[in-house]
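Structural overview for review
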Amino acid sequence: MKRLTIKNLLFDEVLEQNTQRLNEVAKYIKQGQSTLVAGAGLSVPAGLPGWNALLAKAFSVIIDLSEPVSGSTYFIGFQSFRETHSERFKELVEQFARGDIMPPGDTNFLEAGEYIEQALNQIALPGYDTLSSRISRVRLQAVLRQCMKPNKTIEELSTTALWKFAELIISYIKSGKGIGNVITYNYDNLLECCLMSCFRNTYDKDDRLENHCIIHVDRDMEAPSLPPTHEHMAHIYHVHGSFLLPGLEDYGKNSDNLILSEESYYEVEKQAYNWVHLVQAQALLNSSCIFSGFSAEDYNFRRLIKSLNPSRLPYKHYILFTINDAVRHFYHELTGAEPPDFDEKDKAREDICFLINYYLSLKENYWRRYNIYPIWSTYDDLPDQVKSLITTM
């Protein structure tokens, strides 16, 4: 699929509603009543994997490093294949690493994350028995860093939604509307690097709180020596933990705890006053949250919005949902092929438009129950949509 835009897919009335909601978002931002929220989709243009691809890459690492527990019913067969088909074994590992082979879709994300942590826990350290040695969080972090290597420099991201998102943060703070709170569900530090590369800002790790970084924004570009005030700060909260990407170690933090597996999610859930809950709940209750690059499939997020009474939420919230995967799915179901560029000449276009709009209507009904309003987008549309919010400041 070379290029996909919503104008070729959405009904006219839906396009008009989309524009209206973007205008509502701009109004909230202009009034200083917004919290900006970043999801994994913003990091994909830099070559980082989405959630499914990250799991596939992590599987390639654990297949190569670990094996079924010695004595289990799987151990002998695994060892036999690895020894007698060593070249094919390497090819399978590489196919997982490239994303050519994906984990089965019948397993939920949290369970798949648990597979990875448990497999790593079984790796023996030199001189230790496998069962008495448990992998540290540092090793999990190292595995994920290995799976998340950007293929672009920060400067090469200047046309992406991530860069525009960074510009939106800076514009929001420079407008004098107050503190810029940013929540990100991403492990990576690309947002911090974009903020620091795009603009003349200073950086503060703020060691008082794990996973919290502060960007001091210079509102007066002609007088960069003036000390920043409290209102000039962008507070970035990594609610799943964070680590520094290879080659981008100047800005951001390495967290001791990463939320990946079922157990790690439930561990956070048990702590009612954990800062991860509080920072998200405060944003939902006291501002209009603008989600970008976010699939809304995160377990803790979904649990949180269900626990909040929509009638108590004074602000509307918005998610910029990309529809590329849905279009690809329906086109493949109808034709057995990958979708081309959509134009009026494509025979399947009308059928796809009908199916997509019906599916989106169901998705909208679901999210509106929680006072969350979808804004439909594609990977091609998203940078321009975020940029349009900047022009309103």
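Residues numbered from 1 in each chain as written. Predicted model: local features only at pLDDT ≥ 70, side-chain atom pairs only at ≥ 80, totals over all residues. Heavy atoms only, no water.

Details of unusual backbone geometry
- One non-glycine residue, Ala-296, adopts positive backbone phi at about 65°.
- Structurally, Ala-296 is set in the loop between strand 6 (288-292) and helix 11 (299-307). (Helix = DSSP H or I, 4+ residues; strand = E, 2+ residues; numbered from the N terminus.)

Concerning the nonpolar core
- One finds Ile-154, Leu-157, Phe-165, Ile-169, Tyr-187, Leu-190 and Leu-191 to be the most contacted residues of the largest nonpolar core, which totals 63 residues.
- In terms of residue count, helix 7 (residues 161-174) provides more of this core than any other element does, 10 residues in total.
- Setting aside its immediate chain neighbours within four residues, Leu-191 contacts Leu-162, Phe-165, Ala-166, Ile-169, Val-182 and Ile-236.
- Val-239, Tyr-265, Phe-294 and Phe-321 belong to the second-largest nonpolar core, a separate cluster that totals 44 residues. (Core = buried A, V, L, I, M, F, W, Y, C linked by side-chain atoms within 4.5 Å. Buried < 20%, exposed > 50% of the residue type's maximum accessible area, 1.4 Å probe, protein only. Contact = heavy atoms within 4.5 Å.)

Some words on the pairing of strand 6
- In terms of burial, strand 6 is largely enclosed, as 5 of its 5 residues are buried.
- Alternating residues of strand 6 divide into Ser-288, Ile-290 and Ser-292 and Cys-289 and Phe-291, and every residue in both groups is buried.
- Inspection of the sheet shows strand 1 (residues 34-38) paired to strand 6 by 5 bridges, in the parallel sense. Bridging from a neighbouring strand, Thr-35 pairs with Cys-289 of strand 6.
- Pairing of strand 6 with strand 7 (residues 317-322) involves 3 bridges; the strand directions are parallel. The partner of Ser-292 across the bridge, within strand 7, is Leu-320.
- At this point the chain moves from strand 6, through helix 11, to the parallel strand 7, and the crossover so formed is right-handed. (Pairing = 2+ DSSP bridges. Right-handed = clockwise from strand over helix to strand, strands pointing away.)

Functional significance is not addressed by these values, which are geometric in nature.
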